[in-house]
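What follows is each chain in one-letter form.
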Amino acid sequence: MSDDPISFNHLSSLDPKKLEIIKFVISSCHGKPLESILPDLMAASSRLSEQGLSFTNEEISMIIDGLKESMSPEEQQRIDMIRPLIM
């Protein structure tokens, strides 16, 4: 069994650099409050940009959906409200 809070098997077809960053973001942010997650998402996007890559809207959506699994219903509503601003 994996130590990851969620299964990443469905992401195996992604660019390995993107997959590594997605795993890191979801694992490191799992269980954190929304206020702590947003700066981490921005930092991950910057790291990816430094490598000449960027997240697609679908990949950002996967990250947000992965993070929502550990959020309270109130935080899930809040991130859904700001999702269009992130994407």
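Described in the following lines is the structure provided in the data block. (Residues numbered from 1 in each chain as written. Predicted model: local features only at pLDDT ≥ 70, side-chain atom pairs only at ≥ 80, totals over all residues. Heavy atoms only, no water.)

Here we take up the environment of Leu48. Within the fold, Leu48 resides in helix α2 (residues 34-50). Judged by its relative accessible area of 0%, Leu48 falls in the buried class. In this structure the C-alpha to C-alpha distance between Leu48 and Ile21, which are 27 residues apart in sequence, comes to 7.6 Å. (Helix = DSSP H or I, 4+ residues; strand = E, 2+ residues; numbered from the N terminus. Buried < 20%, exposed > 50% of the residue type's maximum accessible area, 1.4 Å probe, protein only.)

A separate point is the nonpolar core. Grouped together as the largest cluster of nonpolar side chains are 19 residues, with contacts concentrated most on Val25, Phe55, Ile63 and Leu67. Elements that contribute at least two residues to this core include exactly α1 (16-29), α2 and α3 (57-68). Look past the residues within four positions of Leu67 in its chain and what remains in contact with it is Val25, Ile26, Cys29, His30, Ile37 and Leu41. (Core = buried A, V, L, I, M, F, W, Y, C linked by side-chain atoms within 4.5 Å. Contact = heavy atoms within 4.5 Å.)

Now for the pattern of salt bridges. What the rule picks out here adds up to 6 salt bridges. Here Asp80 makes a salt bridge to Lys68, at a shortest N to O gap of 2.9 Å. Remark: Lys68 occurs in helix α3 and Asp80 occurs in helix α4 (residues 73-86); sequence separation between them is 12 residues. Taking relative accessible area as the criterion, Asp80 reaches 37% and is therefore assigned partly exposed. For Lys68, a relative accessible area of 16% translates into the label buried. One salt bridge in this structure joins Arg83 and Asp80, with 3.6 Å as the shortest N-O distance. In this pair, Arg83 and Asp80 are both assigned in helix α4, 3 residues apart and thus about one turn of the helix distant. (Salt bridge = Lys/Arg side-chain N within 4 Å of Asp/Glu carboxyl O.)

Take the packing of α2 against α4 next. The contact between α2 and α4 brings their axes to 11 Å, and the two run at 25°. Taken together, the axis directions place α2 and α4 in an arrangement best described as roughly parallel. Judged by the twist between their axes, the crossing of α2 over α4 is right-handed. Residues Leu34, Glu35 and Leu38 of α2 touch α4, and the partners they reach there are Glu75, Arg78, Ile79, Ile82 and Ile86. For the contact of α2 with α4, the residue count by class is 5 nonpolar, no polar and 3 charged. (Axes fitted to C-alpha atoms, helices over the stretch in contact; angles between N-to-C directions. Parallel < 35°, antiparallel > 145°, perpendicular 65-115°, else oblique. Left-handed = near helix turned anticlockwise from the far one by under 90°. Nonpolar A, V, L, I, M, F, W, Y, C, P; charged D, E, K, R; others polar.)

Three or four residues apart is the spacing at which side chains of an α-helix point the same way, because the helix has 3.6 residues per turn. Here α1 spans 20 Å end to end across 14 residues, near enough to the 20 Å set by a 1.5 Å rise per residue. Among all positions of α1, only Lys18, Leu19, Ile21, Ile22, Val25, Ile26 and Cys29 are buried. Seen end-on, α1 carries its buried residues on one side only, within an arc spanning 165°. Away from its buried face by more than 90 degrees, α1 exposes Pro16 and Glu20. (Expected span 1.5 Å × (residues − 1). Arc of directions from axis to C-beta.)

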